[in-house]
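# Examination of the molecular architecture
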Amino acid sequence: MLPLLRPRRVRRLLIALTAAAVGLTALTALGAAGSAVTVPASAATAASAAPGATGAARSTADARARTPDPRPNIVVVVADDMRVDDLRWAPRTRRLLGAGGISMENSFAPYPLCCPQRATFLTGQHAHNHGVYWHEPPSGYGAFDDSRTLATSLRAAGYRTGFLGKYLNRYGLDDSLVSGQPSHRYVPAGWDEWRGAVENPGDAGFHGGTYVYTDIAFNHDGRIDNRYRGRYSTEVIGDLAVDMVRRSDRHRQRTGDPFFLLVNHVAPHHGAPRDPDEPQPLGGSEDSTRDFPSPYVPPAERGRFDDVIDRAPGIARAGAPTEKDVSDKPRQVRNLPPLSSADLRAMREVARQRAEAIHVMDRQVARLVTSLKRTGEWERTVVVFTSDNGLLQGEHRFRTGKVWSYEPSLRVPLLLTGPGLRGKGPLGHRRYDPVDTPDLAATLLDLADAEPPRRPDGTSVLPTLLEGDRGWDVPVLTEATHTSRGSERGFGQRSSVGVRTGRWSMTRYRDGFVELYDLVRDPLQHENLARSPEHRDVLAALTGSWREVKDCAGADCQVPLPESLAMTADEVADATRRYWKAIERTYGYR
């Protein structure tokens, strides 16, 4: 099990690598003056202003004030509803951050839905602790206490902080829980520069909104900025991200303070306006209508992948679903109608438009990297690329879906690069230890040597990144609402809670239903083993772990698995490689 306390030896190694990468010219200057001791800028400034200070003392103090903070900048780019296998449409991101960094091959969104996941990233806590369970009232942004987040912690630790793009669902529509005022002009605590995309309440006197790809609107430090009508919002966010890097670089050059930027794209989430070839709803009645929402893409991008994408990514190479019998699935899944030929055609078009939207976003990621290199910040910046959640696109009869604890929904891309994280050497470019969103938040705090804003449910994976895999001996907790009905106790506001180990996936539902899958022998999750007599011991062991972590907080979320469920680093790597080979063999595009 990874340690809860931040590994100071490992963090010192990263800081040393960051310092070595940039040369720390200010330290060299200090050495020439006879001192190599780093003094906080605030203390140095006070010394230079002290009455009676000599010119030599002021000169030394000024030099110390200009000494760069050796901690790395942190830039996080978040996509919306992007599957792991969607990375194939982002070749620049794969090359710059994956082949040029490290890919976490077992990265999970513990509550795979936009709003709860974004709250989890910002707080480092599971949904049952931060209280955001859904994207509509009584949940959504209006239920989120954003007075203490990663931003407040990093700012308190000396980072300049900047936010850009999508925030939580209903930001702009709901009143702020913290201020009680309309959120379209509310700036959350901790952000030095805030440009959050706002959903339009309709009565606030401005046009545009978060999900209008041709008319995005922002709250820019408390004022509406909607000057982008007619421009593609992914490219707008790309332009603004480059500008933020330049301003952050100038600030660091002036003060020595590192920066944290959180860049949130809307792509490939669906949004307006409708493309001419966007699939129309299917079904004969309001109750049976099946929608196929897709992102808007610029005309120049349309058709880019039509020769490659001949079906949705969750439909087998033969062109048909892989699972004909869903009788062993939860009630809501059993009630899904079989996929028709019209469904398959519509899903294919959605897959194409999503890939096109990702391709545009991929160019913006590359532009951001280029700006970091041109400013000289690249060598001392950790860059992270991930998504808020995955997406079901054909698996288990889902036309589209998330929330559920099936692998395509739970798994998210996670690529990292930076000083000490280039993937060079014998450890290579891949890590197989599990990491979920609370762990990612803890890792960023670890990189910054910052204190968590709340009692953290995750633990840093920096040791894994720098020193290699350690194995899988702590369960990944999964949770959701709107997956079942029932009155079984112990679920709180949730309708399902599960645990994921290196081999097994178990989910228990509030109506008493249980799912159990052996992901080594059944990576597609076709055969529910919950009622199998041969797997009673496994189910009992998983249920024991489930009881220990389902309502966990803080260190209790890191309760070790029993030995029978734990896996060594080599076992996890082998199982993961087998998993992805099976997925590629079944679903991969030729």
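Note that the coordinates shown come from a computational prediction; the quantities given were computed from them, not determined experimentally. (Residues numbered from 1 in each chain as written. Predicted model: local features only at pLDDT ≥ 70, side-chain atom pairs only at ≥ 80, totals over all residues. Heavy atoms only, no water.)

## So, the overall build of the chain
- Broken down by element type, the chain carries 16 helices and 14 strands.
- A burial count over the chain gives 61% of its 590 residues as buried.
- In the chain, once contacts between residues fewer than 6 apart in sequence are set aside, the share between residues at least 24 apart is 73%.
- When the accessible surface of the chain is totalled, it reaches about 23000 Å², and 49% of it is carbon and sulfur. (Helix = DSSP H or I, 4+ residues; strand = E, 2+ residues; numbered from the N terminus. Buried < 20%, exposed > 50% of the residue type's maximum accessible area, 1.4 Å probe, protein only. Contact = heavy atoms within 4.5 Å. Areas by Shrake-Rupley, 256 points an atom, 1.4 Å probe, with all protein chains shown as cover.)

## Some thoughts on the packing of aromatic side chains
- What the rule picks out here adds up to 23 aromatic pairs.
- Judged by centre distance (4.8 Å) and plane angle (50°), the ring pair of Trp89 and Phe305 falls under tilted. Here the residue Trp89 occupies a position in the loop between strand E1 (73-79) and helix H5 (91-99), and Phe305 occupies one in the loop between strand E7 (259-264) and helix H10 (331-334), the gap between them amounting to 216 residues. An identical accessibility class is assigned to Trp89 and Phe305; each is buried.
- Ring plane angle 40° and centroid distance 6.1 Å describe the contact between Trp404 and Tyr509, whose orientation is recorded as tilted. In this pair, Trp404 sits in the loop between strand E8 (381-387) and helix H12 (407-410) while Tyr509 sits in strand E13 (residues 504-509), placing the two residues 105 residues apart along the sequence. (Phe/Tyr/Trp six-rings, centres within 6.5 Å; stacked < 30°, edge-to-face > 60°.)

## A short note on the sheet that holds strand E14 (residues 514-518)
- The strand order across the open sheet built from 4 strands is E11-E12-E13-E14, with neighbouring strands paired in antiparallel fashion. At either end of the open sheet lies a strand with only one pairing partner, and these are strand E11 (476-480) and E14. Between one strand axis and the next, the sheet turns by 15° as a mean value, whatever way the strands run.
- Where strand E12 (residues 496-500) lies against E13, 5 bridges are found, and the strand directions are antiparallel. Counterpart to Ser496 in the pairing with E13 is Tyr509.
- Against the sheet, helix H15 (residues 536-549) makes contact with E11, E12, E13 and E14, and its axis sits at roughly 65° relative to E13, the strand it touches most. (Pairing = 2+ DSSP bridges. Axes fitted to C-alpha atoms, helices over the stretch in contact; angles between N-to-C directions.)

## Topic: the packing of helix H9 (residues 233-255) against helix H11 (residues 341-375)
- Where H9 contacts H11, the two axes come as close as 9 Å, and the packing angle between them is 15°. Here H9 lies roughly parallel to H11, going by the angle between them. Crossing of H9 against H11: the hand is right-handed. Residue-level contacts link Thr234, Glu235, Gly238, Asp239, Ala241, Val242, Val245, Arg246 and Asp249 of H9 to Val360, Met361, Arg363, Gln364, Arg367, Leu368, Ser371, Leu372 and Thr375 of H11.
- Among the residues making up the contact of H9 with H11, the classes are represented as 7 nonpolar, 5 polar and 6 charged. (Parallel < 35°, antiparallel > 145°, perpendicular 65-115°, else oblique. Left-handed = near helix turned anticlockwise from the far one by under 90°. Nonpolar A, V, L, I, M, F, W, Y, C, P; charged D, E, K, R; others polar.)

## Re the sheet that holds strand E3 (residues 160-166)
- Taken in spatial order, the 10 strands line up as E6-E5-E4-E3-E7-E1-E8-E9-E2-E10 in an open sheet, and their pairing is mixed. Strands with a single pairing partner mark the edges of an open sheet, and in this sheet they are strand E6 (223-225) and strand E10 (430-436). For this sheet, the mean inter-axis angle between neighbouring strands, taken without regard to orientation, is 20°.
- Across 2 bridges, the pairing between strand E2 (residues 102-108) and strand E9 (residues 414-417) is antiparallel. Bridged to Ser103 within E9 is Leu415.

## Considering the environment of Val187
- Here Val187 is to be found in the loop between E3 and strand E4 (193-197).
- Excluding its chain neighbours within four sequence positions, the residues that come into contact with Val187 are Trp194, Asn219, Asp221 and Gly222.

## Structural notes on the confidence of the model for the chain
- Mean pLDDT over the chain works out to 91, with 89% of the residues at or above the 70 mark.
- Below pLDDT 50 for its whole length, residues 1-6 participates in 22 contacts with residues either more than four positions away or in separate chains.
- Below a pLDDT of 50 lies the segment residues 24-65, which in the model reaches 33 contacts outside its immediate sequence neighbourhood of four places, other chains included. (pLDDT = per-residue confidence, 0-100.)

## Observations regarding the environment of Asp328
- Mapping Asp328 onto the fold places it in the loop between E7 and H10.
- Discounting chain neighbours no more than four positions away, the residues touching Asp328 are Glu323, Phe513, His526, Glu527 and Asn528.
- One polar contact links Asp328 to Lys329, side chain to side chain, over a distance of 3.2 Å. (Polar contact = N/O pair within 3.5 Å; in protein donor to acceptor, adjacent residues only side chain to side chain.)

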